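Chain by chain, the residues run as shown.
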Amino acid sequence: MEEILEGRAIKFGDNVDTDQIIPAEFLVTGDPKELAKNAFIKVRPEFKNIVRDGDIIVAGRNFGCGSSREHAPRALMGAGISCVIAKSFARIFFRNSINLGLTLIECDVRANEGDELIVDLKGGTIKNKRSSEVFEFKPLPAFLIKIVEKGGLMEYVKEVLNEKNSHNAR
Amino acid sequence: MGKTISEKIIGNKAGVNAEAGQIVEANVDYVMVNDVTGLPAFEQFEKLPKSTKPLREKIVLIPDHYVPNKDVASAEQAKRMRDFAKKYEIENYFEVGRGGVCHQLMIEKGFVAPGRLIVGADSHTCSYGALGAFSTGIGSTEAAAVMAIGKLWLKVPDSIKITVNGKLDNYVYGKDIILHVIGDIGVEGALYQTMEYYGNTIENLTLSDRISISNMAIEAGGKAGIIPPDDKVFEYLQNRVRGSYNPVYSDNDAYYIEELEYDAVDIPPTVAKPFLPSNTAPASEVDVKIDQAYLGSCTNGRIEDLRIAAEILKGRKINSEVRMLVVPATKEIFNQALKEGLIDIFEKADCFVSGPTCGACLGGYMGILADGEKCVATTNRNFIGRMGHKNSEVYLANPAVVAASALEGRIVDPREVL
């Protein structure tokens, strides 16, 4: 897990739902790059042309509400989004992102479209380079940081299976 | 201090004294995936060491979103599930023609029971709370994790106590209760929390209506929607449930983060207008001409819902400018509807009757809307583009509103026209 993230802000409002992030008709692949081609296609069709690797989504409340489709964080990761900062997250989207290793930060940040942001994940701060404002956020619970640091839930599962196998082998 | 149903069930399954706010690792009774969420799960599972065997008896595989398959891509996706089931000898796989919509099937096939902890890679997994289980939606990667190790990290949720008392008016059902609540508290009003339901209105509801309520907990951001199980649940499960079960109830002195009370007399036939399930209004105040009416989904695709609509449509024809789709949620329901003569009523009324599928509910296929078209539906979401073109609109309602509106050609309160 990177400790410092720097990127341009792409702004969204409240209640950005999973049908907006990736509509149902595109849920026929798990490939993040394929999914990214249709991210926000109905509500913000220019997204795929403007988004750049390392961009940071800054959103309002209840980001990711709606379906459990893991395709939503995958599409964002495929588009190059390095993290999502929102006032609050819907819980299944939150779980999916942690389990896949997409960094999420719950924080009420003041930023305009295109502002450069510097995110200090360990320090718990976000700086807006244009306005010089600094915002604080609470880091994730230790158990969840462990999962993100390992590279996602499946890495954790591999460890559990390893332990079980070596225990059985004894 | 006493404990809520959620704290008790999760605590039982984690082997700890669970309190709201804690993160625990809990053993899961069943994990379910559908054809859309299964593919990423299988891909993740296959990345594990080759010797890893999935926990077959805990896994339920149900193709329902794009079945019968709508194109080559969805056919390949469904094939991956079929192949996975065959490779690992997973018995709980319900092929097209033998199953139906995942959540209704989970309930019908006896996987759901009071006190169980069930997770599913589909957001409406909260539906099983109507039978007293703790059930919640998860993602595909963690579904793969559960398939491998049978347990999952969960944050023990706080609970909201919702009490509804009084007698519901004609043509007012469980769907209206949950729309009313979501309209009141908003799409984040129960974020991360379990919604628990009490009161004589709830006790008098059919199990079918209770399922509608639990089903839409997610639309308020809820983690679960649980109704304490009673005789209606126990009777339903007789000769149907797999294995044995122990009902769990909240203690009288359990802590609730919020308590809400509603009077049934204040709940009319309710409609959720575009583009949020919380954008509710009485059906009588919604004056919208419709192009399509949709009766189906895990929310309201049961025999009880079909009976309500058939009663209204009997001997009549829907408005000449409306398409009405009737989609029984499972094979069992379809056959029951056939037996009861309901399919005949729908056919004579000029409806299009489909086999079980999620279909147009999520904008998959089987009834997609064009630019500017409007649909009144018994489904659970009405986000932008949910059922088709981004300029189409979905209005959520109960089966009686859908049927009556199909007759009139516009959204109506059934009490005003029947």
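Since the model is a prediction, treat every value here as computed from it, not as a measurement. (Residues numbered from 1 in each chain as written. Chains lettered and ligands numbered in written order. Predicted model: local features only at pLDDT ≥ 70, side-chain atom pairs only at ≥ 80, totals over all residues. Heavy atoms only, no water.)

1. Side note on the overall build of chain B
Each helix and strand counted, chain B has 14 helices and 17 strands in total. Rg of the C-alpha trace for chain B: 20 Å, near the compact-globule value of 22 Å for 418 residues, within the 12% margin. Expressed as lengths along the three principal axes of its C-alpha atoms, the size of chain B is roughly 60 × 55 × 40 Å. Burial status across chain B gives 65% buried among its 418 residues. Here the analysis covers contacts within chain B between residues at least 6 apart in sequence; of these, 77% occur between residues at least 24 apart. Only carbon and sulfur atoms are counted for the fraction: they give 46% of the accessible area of chain B, which is about 14300 Å². Charge centroids of chain B, computed over 44 positive and 55 negative side chains, lie 7 Å from each other. (Helix = DSSP H or I, 4+ residues; strand = E, 2+ residues; numbered from the N terminus. Rg over C-alpha atoms; globule rule 2.2 N^0.38 Å. Buried < 20%, exposed > 50% of the residue type's maximum accessible area, 1.4 Å probe, protein only. Contact = heavy atoms within 4.5 Å. Areas by Shrake-Rupley, 256 points an atom, 1.4 Å probe, with all protein chains shown as cover. Lys, Arg positive; Asp, Glu negative; His and termini not counted. Charge placed at Lys NZ, Arg CZ, Asp CG, Glu CD.)

2. Describing the packing of helix α6 (residues 174-185) of chain B against helix α8 (residues 207-215) of chain B
All names here are of chain B. Orientation of α6 relative to α8, taken along the N-to-C sense of each, is 25°, at an axis distance of 7 Å. Between α6 and α8, the crossing angle belongs to the class labelled roughly parallel. In the crossing of α6 with α8, the sense of the turn from one axis to the other is right-handed. Counted together, Gly174, Lys175, Ile177 and Ile178 of α6 and Asp209, Ser212 and Ile213 of α8 form the full contact between these two elements. (Axes fitted to C-alpha atoms, helices over the stretch in contact; angles between N-to-C directions. Parallel < 35°, antiparallel > 145°, perpendicular 65-115°, else oblique. Left-handed = near helix turned anticlockwise from the far one by under 90°.)

3. Remarks on the interface of chain A and chain B
How big an interface is tends to be stated in terms of accessible area lost as the parts join. Across the boundary between the two partners, chain A contributes 45 residues, which contact 52 residues of chain B. Between chain A and chain B lies a buried interface of about 3900 Å² when both sides are counted; carbon and sulfur atoms form 60% of it. The three residues of chain A that bury the most area against chain B are Arg91(A), Arg95(A) and Met154(A), which together make up 19% of that side's buried surface. Among the salt bridges present, the one from Glu188(B) reaches Arg61(A), with a minimum N-O distance of 2.9 Å. Scanning the region where chain A abuts chain B turns up 20 residue pairs in polar contact (both at pLDDT 80 or more). For the side of chain A that touches chain B, the leading source of residues is helix α7 (residues 153-169) of chain A, giving 9 residues. Here the residues of the side of chain A that touches chain B sort into 21 nonpolar, 12 polar and 12 charged. (Buried area = accessible area lost by both parts, 1.4 Å probe. Salt bridge = Lys/Arg side-chain N within 4 Å of Asp/Glu carboxyl O. Polar contact = N/O pair within 3.5 Å; in protein donor to acceptor, adjacent residues only side chain to side chain. Nonpolar A, V, L, I, M, F, W, Y, C, P; charged D, E, K, R; others polar.)

4. A word on the sheet that holds strand β9 (residues 224-226) of chain B
Residue and element names in this part refer to chain B. Read across the sheet, 4 strands follow the order β9-β8-β7-β10 without closing on themselves; strand pairing throughout is parallel. Since the sheet does not close on itself, it has two edges, and those belong to β9 and β10 (258-263), each with one partner. The sheet shows a mean angle of 20° between the axes of neighbouring strands, taken without regard to direction. Bridging between strand β7 (residues 159-165) and β10 involves 6 bridges; their strand directions are parallel. Bridge pairing links Thr163 to Glu261 in β10. (Pairing = 2+ DSSP bridges.)

5. Considering unusual backbone geometry
Residue and element names in this part refer to chain B. Here the residue pair Val67 and Pro68 is connected by a cis peptide bond, since its omega of -10° sits within 30 degrees of zero. Looking at the secondary structure, you find Pro68 in the loop between β3 (59-62) and α3 (72-87). The step from Pro274 to Phe275 runs through a cis peptide bond, and the omega angle for that step is 0°. Even without glycine at this site, Ser297 takes up a positive phi of about 95°. Its location among the elements puts Ser297 in the loop between β13 (292-296) and α10 (303-313). For Ser297, a relative accessible area of 3% translates into the label buried.

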